[in-house]
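Each chain, letter by letter, is given below.
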Amino acid sequence: MLVNAEYFVAINVKFKNSYNNITSSLVPYKEVKVAPSIVLMADKAWFYGCSFISVQDTLADFVGRHYFKNCYIEGAIDFIWRGGQSIYEKCVIYVKGMTKDEMVEGGAMLPGFITAQGRQSEQDTSGFVFKYCVIKGDGTAFLGRAYRGYSRVVFYATSMSNVIVPQGWDAWLNKGEEYVCLFSFTIY
């Protein structure tokens, strides 16, 4: 789904990209392809009680201001990404398990990335705020990786299960550059 219209509103809609329709509980890394369930290209969009399901790049929050409340977002790699200025409130973030062929026998998982925010400068007002959310799943993941050198992601009063890897964040291609991350969370 591509949203190009301002003031878009969706209530209780399921956005699912079945391109990576993998039926096993673990996603084979080599089979993962970019497959957004929605691409937001306009300002002022609201989502209430919606589901966004895919594996890689699930929610392409490209540009504009967006609000998500009581939504379910599922993926494995960069599944909330790009340069939107968005608030995710009381959402469930579900991390899919991912593995490489050589890891399957040992039961090890390859960590994914929940966010890949792409703020491009200090003046850029974009960023993601996760407020009163719950992060859980059957995989492991970093909270995010810096898609650009000035990436900004805030987790506030968010419950995080043990699916989050101890390192928390990854600078990806922006090692040595600022990656702003503020958080307040409960581990359960």
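Since the model is a prediction, treat every value here as computed from it, not as a measurement.

This paragraph deals with the overall build of the protein chain. What the protein chain contains, in helices and strands, is one helix and 21 strands. In the protein chain, buried positions account for 51% of the 188 residues. On the protein chain, roughly 9000 Å² of surface is accessible, and the fraction owed to carbon and sulfur atoms is 52%.

Turning our eyes to something else, we now look at the pairing of strand 6 (residues 45–48). The side-chain alternation of strand 6 yields one buried face, formed by Ala 45 and Phe 47, and one unburied face, formed by Trp 46 and Tyr 48. Direction of pairing for strand 2 (residues 8–11) relative to strand 6: parallel, over a ladder of four bridges. Residue pairing for strand 6: Phe 8 is matched across the bridge by Ala 45. Across four bridges, strand 6 lies against strand 9 (residues 65–69) in parallel orientation. The residue of strand 9 that forms the bridge with Tyr 48 is Lys 69.

To continue, consider the confidence of the model for the protein chain. Within the protein chain, residue pLDDT values average 87, and 86% of them lie at 70 or more. Long-range and interchain partners of residues 178–188, a stretch whose pLDDT sits below 50, account for 37 contacts in this model, where long-range means more than four residues apart.

What follows concerns the sheet that holds strand 18 (residues 141–145). Strand order in the open sheet formed by seven strands is 1-5-8-11-15-18-20, and the pairing between neighbours is parallel. Single-partner strands in this sheet number two, and they are strand 1 (2–3) and strand 20 (169–170).

The next subject is the packing of aromatic side chains. If you walk through the whole model with that rule in mind, you get 18 aromatic pairs. A centroid spacing of 4.7 Å and a plane angle of 15° characterise the contact between Tyr 88 and Phe 130, whose relative ring orientation is stacked. Here Tyr 88, found in strand 12 (residues 85–89), pairs with Phe 130, found in strand 16 (residues 127–131); they are 42 residues apart in sequence, far enough to count as distant. Ring geometry for Phe 155 against Trp 169: centres 5.9 Å apart, planes inclined by 55°, an arrangement best described as tilted. Taken together, the residues span a long stretch of sequence, with Phe 155 in strand 19 (residues 152–160) and Trp 169 in strand 20 at a distance of 14 residues. With a relative accessible area of 16%, Trp 169 lands in the buried category. By way of ring pairs, the aromatic residues Phe 8, Phe 15, Phe 47, Phe 52, Phe 68, Tyr 88, Phe 128, Phe 130, Phe 155 and Trp 169 are connected into one cluster. Against the face of Phe 113 rests Arg 145, its NZ or CZ located 4.0 Å from the ring centre.

Bridge count between strand 7 (residues 51–53) and strand 10 (residues 72–75): three bridges; the pairing is parallel. Opposite Phe 52, over in strand 10, you have Ile 73 as the bridge partner. Pairing of strand 10 with strand 13 (residues 92–95), which is carried by four bridges, proceeds in the parallel orientation. Across the sheet, the residue bridging to Ile 73 is Ile 93, located in strand 13.

The next thing to look at is the environment of Lys 100. With respect to the helices and strands, the residue Lys 100 is situated in the loop between strand 14 (97–99) and helix 1 (101–104). For the pair formed by Lys 100 and Tyr 29, sequence separation is 71 residues and the distance between their alpha carbons is 5.4 Å. In this view, Lys 100 contacts Tyr 29 and Leu 110; residues no more than four positions away in its chain are not counted.

This part covers the pattern of salt bridges. According to the stated counting rule, one finds three salt bridges in the structure shown. Note that Asp 43 and Lys 44 form a salt bridge whose closest N and O atoms lie 3.2 Å from each other. Overall, Asp 43 belongs to the buried group, its relative accessible area being 15%. The residue Asp 78 makes a salt bridge to Arg 145 at a minimum N-O spacing of 2.7 Å. With Asp 78 in strand 11 (residues 77–82) and Arg 145 in strand 18, this residue pair connects regions lying 67 residues apart in the sequence. Judged by relative accessible area, which is 6%, Asp 78 ranks as buried. Members of the salt-bridge network, linked through shared partners, are Asp 43, Lys 44 and Arg 65.

Rules used throughout
Residues numbered from 1 in each chain as written. Predicted model: local features only at pLDDT ≥ 70, side-chain atom pairs only at ≥ 80, totals over all residues. Heavy atoms only, no water. Helix = DSSP H or I, 4+ residues; strand = E, 2+ residues; numbered from the N terminus. Buried < 20%, exposed > 50% of the residue type's maximum accessible area, 1.4 Å probe, protein only. Areas by Shrake-Rupley, 256 points an atom, 1.4 Å probe, with all protein chains shown as cover. Pairing = 2+ DSSP bridges. pLDDT = per-residue confidence, 0-100. Contact = heavy atoms within 4.5 Å. Phe/Tyr/Trp six-rings, centres within 6.5 Å; stacked < 30°, edge-to-face > 60°. Lys NZ or Arg CZ within 6 Å of the ring centre and 35° of its normal. Salt bridge = Lys/Arg side-chain N within 4 Å of Asp/Glu carboxyl O.

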